[in-house]
Amino acid sequence: MLLLEGNRVVAVDRLIRAIWGDSPPATARSQIRICVSSLRRQFAAGDVPATIETHKTGYRLRAPEATIDLHRFGQLISRARAGAADRPDLELASLYREALALWRGPLGEGLGSPLLDTVALKYHEDYHSALEDCYELELRLGYHRRVLGELTHHVSEHPFRETLIAQLMIALYRSGRTADALALFRDTHRRFRDELGIVPGERLQSIESLILGGADKHLGQHTGRQEGRQSRPDETLLFGQPAAAGPTRH
């Protein structure tokens, strides 16, 4: 929790709730103090460039932002998004990849803390939005075969994220697997109808129509000769706009 809210004071009551929920022991505050003292000793022994300050209401973990993965992740993604709309290139894709590589798995997994799980939701959504923006850029660069396996994995893990599904359909189609791309749409349509009572959104339906109509497999791919060129309506539907400077929500 101190790392998630790095360089901000975290109230002792919030730390207690993160660890014990609504049933803390009578010794909760003293146990917090013992844990903080232990962390300070470990930081000193490991030459960690961070300190834990004691404040009136709680504690603050003070560290350079570049040493906290979540802050570093946000900085890299902001840089990538700021340039992606104007110049989709390998350097920006590398920024996305560097940021995504900082993740080691779900935050707080296995800790059994409802409060931590709630706080982590925001960061998990930030991760998936960045992942989708990365794939959008890489598809525009023509890396459909490179990302095909990753997209297949992520769609199996998150079968209701329409952006990932759209990107997988595009990657399949551009890789010469038209039947698989259409089968993915049919399976998605069935799943949405049976489990959610809705149909897939406009982008997925448009991609299906464009594939059935034999759309150019390279449509929307950045060639380096497209400066000042506006996306055609069907191209925008198939490949989306380049990543914007702000976070994307789905």
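The shown structure was predicted, so the numbers you read here are calculated from the model rather than taken from an experiment.

A. Just the sheet that holds strand β1 (residues 9–11), in detail. Here three strands make up an open sheet; going across it, the order is β1-β3-β2 and the pairing antiparallel. Where the open sheet ends on each side, the last strands, each with one partner, are β1 and β2 (51–54). Strand-to-strand twist in this sheet, taken as the mean axis angle between neighbours without regard to direction, amounts to 30 degrees. Both β2 and strand β3 (residues 58–62) contribute to a ladder of four bridges, which runs antiparallel. Among the inter-strand pairings, Glu53 is bridged to a residue of β3, identified as Arg60. Contacts from helix α1 (residues 12–20) reach β1 and β3 within the one sheet, and its direction differs from that of β1 by about 65 degrees.

B. Region of interest: the packing of helix α5 (residues 114–140) against helix α7 (residues 162–174). Interhelical geometry of α5 versus α7 gives an angle of 25 degrees and a closest axis separation of 10 Å. What the angle tells us is that α5 and α7 run roughly parallel. As for how α5 packs across α7, the hand of that crossing is left-handed. For the pair α5 and α7, contact is made by Glu132, Tyr135, Glu136 and Leu139 and by Thr163, Leu164, Gln167, Ile170, Ala171 and Arg174, respectively. When its residues are assigned to classes, the contact of α5 with α7 shows five nonpolar, two polar and three charged.

Calculation rules
Residues numbered from 1 in each chain as written. Predicted model: local features only at pLDDT ≥ 70, side-chain atom pairs only at ≥ 80, totals over all residues. Heavy atoms only, no water. Pairing = 2+ DSSP bridges. Helix = DSSP H or I, 4+ residues; strand = E, 2+ residues; numbered from the N terminus. Axes fitted to C-alpha atoms, helices over the stretch in contact; angles between N-to-C directions. Contact = heavy atoms within 4.5 Å. Parallel < 35°, antiparallel > 145°, perpendicular 65-115°, else oblique. Left-handed = near helix turned anticlockwise from the far one by under 90°. Nonpolar A, V, L, I, M, F, W, Y, C, P; charged D, E, K, R; others polar.

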